[in-house]
Amino acid sequence: MCCLFGLIDTAQYFTRQQKNDILHALAEASEARGQDATGVAYCHNGALMVRKRPVPGHAFPLQIPYDAAVVMGHTRLTTQGSEKKNYNNHPFLASAGTGSFALAHNGVIRNDRLLRTQEQLPATKIETDSYIAVQLLARSGEVSMDSLRDMAERLEGSFSFTVLDDQNNLYFVKGDSPLCLYHYQTSGVYLYASTKQILEKALQQLSFDWESPIQVSLECGEILQIMADGEERRETFDDSKLLRSLACGRYTPPSWWGVGSSAHSAESGHLAALKSVAGYFGIAPWEIDRLMEAGFTEAEIEEYLYRTEM
């Protein structure tokens, strides 16, 4: 349960200071979904750069350079791998073939250890479940629609990814974790965050004279590539391995839930069951309410409890 955020300024519409102001507002609003670490990735002088620290969004020193037209950000709520070890934080920087890429993830990957063994991937000091996606892309030798599809279809659990390459292509790999993308057509600007509430909260902090944005459709099982000039490409992947909300009836909960027959129950019944089970992990009902108000979905809270139980 983390937050993805960022911007694409296809026509260099904003000044450097304006982009820093936008990103600071996005990072601060994204604290609702994670305050343990903050990081960004961008291209500068033809090289892909990653900056990250174990601090909340409002305290992160955001000063991107003048030529950074695409910036990918992440705020973290730690579930696996201490944020004090900065290499566990997002975005992750890696190479694929002759190019480099940065990856950020929101969600929980269940089969990371199994895949690392099956694929005979090299040992790493990075402790997060997210890093398996980086290793799979690196092993493929490229960042492309095909390699992203292959990576997404191997993973079990829940996710949405953003991936930035050193050619300023930003990819959105949309699983069942939330993601909201706005497009300002006149200026050529895209802004995104994990939830619409977070995106709107950030926009309210800014004094720019905004045009009305178009919300770009991002469906579960889609990969959207936005190039530096704003050109878009879409592909799909098989999303059948993803976790699903009990309310959707597409996710069978672990046996320890004890609510198997309620998978098709009304949302209110599911939320009550969620609060009841959370109590076993020392999480009070009011804490579940606060997570819901902050934009977490019931499915995401389930995933967090699942990871805790493991």
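For the structure itself, look to the data block above.
Analysis parameters
- Residues numbered from 1 in each chain as written.
- Predicted model: local features only at pLDDT ≥ 70, side-chain atom pairs only at ≥ 80, totals over all residues.
- Heavy atoms only, no water.
- Helix = DSSP H or I, 4+ residues; strand = E, 2+ residues; numbered from the N terminus.
- Buried < 20%, exposed > 50% of the residue type's maximum accessible area, 1.4 Å probe, protein only.
- Contact = heavy atoms within 4.5 Å.
- Areas by Shrake-Rupley, 256 points an atom, 1.4 Å probe, with all protein chains shown as cover.
- Axes fitted to C-alpha atoms, helices over the stretch in contact; angles between N-to-C directions.
- Parallel < 35°, antiparallel > 145°, perpendicular 65-115°, else oblique.
- Left-handed = near helix turned anticlockwise from the far one by under 90°.
- Nonpolar A, V, L, I, M, F, W, Y, C, P; charged D, E, K, R; others polar.
- Pairing = 2+ DSSP bridges.
- Phe/Tyr/Trp six-rings, centres within 6.5 Å; stacked < 30°, edge-to-face > 60°.
- Salt bridge = Lys/Arg side-chain N within 4 Å of Asp/Glu carboxyl O.

## What to know about the overall build of the chain
At step 1: Looking only at helices and strands, the chain has eight helices and 13 strands in total.
At step 2: Expressed as a percentage of the 310 residues in the chain, the buried residues total 57%.
At step 3: Counted over contacts in the chain with a minimum sequence separation of 6, partners at least 24 positions apart contribute 65%.
At step 4: Counting every atom, the chain has about 12,900 Å² of accessible surface; 46% of that belongs to carbon and sulfur.

## With respect to the environment of Pro122
At step 1: Within the secondary structure layout, Pro122 lies in the loop between helix H2 (112–118) and helix H3 (131–140).
At step 2: As for Pro122 and Gln135, which are separated by 13 residues in sequence, their C-alpha atoms are 8.5 Å apart.
At step 3: Look past the residues within four positions of Pro122 in its chain and what remains in contact with it is Arg116, Gln135 and Arg139.

## Thoughts on the packing of helix H1 (residues 16–29) against helix H5 (residues 196–204)
At step 1: Running from N to C, H1 and H5 point in directions that differ by 135°, and their axes come no closer than 8 Å. Taken together, the axis directions place H1 and H5 in an arrangement best described as oblique. You can see that H1 and H5 cross each other, and the crossing is right-handed. Across the interface between the two elements, Ala25, Leu26 and Ala29 from H1 touch Ile198, Leu199, Lys201 and Ala202 from H5.
At step 2: Looking at the contact of H1 with H5 residue by residue, the class counts come to six nonpolar, no polar and one charged.

## A closer look at the sheet that holds strand S1 (residues 3–9)
At step 1: Read from one edge of the open sheet, seven strands run S3-S2-S4-S1-S10-S9-S11, paired in antiparallel fashion. A strand with exactly one partner marks an edge of an open sheet, and here the two such strands are strand S3 (47–53) and strand S11 (214–216). Adjacent strand axes in the sheet meet at a mean angle of 15°, parallel and antiparallel pairs treated alike.
At step 2: Pairing of strand S9 (residues 180–184) with strand S10 (residues 189–193), which is carried by five bridges, proceeds in the antiparallel orientation. Bridge pairing in S10 links Tyr182 to Leu191.
At step 3: Together, S1, strand S2 (37–44), strand S4 (70–76) and S10 form the strand contacts of H1, whose direction differs from that of S1 by roughly 165°.
At step 4: Set on the sheet, H5 makes contact with S1, S9, S10 and S11; between it and S9 the angle comes to about 45°.

## Looking at unusual backbone geometry
At step 1: Between His90 and Pro91 the backbone carries a cis peptide bond, its omega angle lying at -5°.
At step 2: You can see Pro91 is positioned in the loop between S4 and strand S5 (92–96).
At step 3: A positive phi angle, near 50°, is found at Gln12, a position not held by glycine.
At step 4: Following the sequence through the fold, Gln12 ends up in the loop between S1 and H1.
At step 5: Despite not being glycine, Asn45 has its phi angle at roughly 55°, a positive value.
At step 6: Relative to the assigned elements, Asn45 resides in the loop between S2 and S3.
At step 7: Looking at Asn45, the relative accessible area reads 59%, which means it is exposed.

## Focus: the packing of aromatic side chains
At step 1: The final tally for this structure, using the stated rule, is nine aromatic pairs.
At step 2: When the ring of Tyr184 is compared with that of Trp210, the centres are 4.8 Å apart and the planes differ by 40°; the resulting orientation is tilted. Taken together, the residues Tyr184 in strand S9 and Trp210 in the loop between H5 and S11 connect sequence positions 26 residues apart.
At step 3: A residue is classified by how much of its surface remains accessible, and Tyr184, at 1% relative accessible area, is buried.
At step 4: Taken together, the ring pairs connect Tyr13, Phe14, Tyr184, Phe208 and Trp210 into an aromatic cluster.

## Let's talk about the pattern of salt bridges
Oppositely charged side chains are able to pair whenever their charged atoms sit close together.
At step 1: For the structure shown, the criterion picks out six salt bridges.
At step 2: Among the ionic pairs, Glu222 bridges to Arg234, the shortest N-O distance being 2.9 Å. With Glu222 in strand S12 (residues 222–226) and Arg234 in strand S13 (residues 232–236), this pair connects stretches of sequence that are 12 residues apart.
At step 3: Connected through shared salt-bridge partners, Glu119, Asp150 and Arg154 make up one network.

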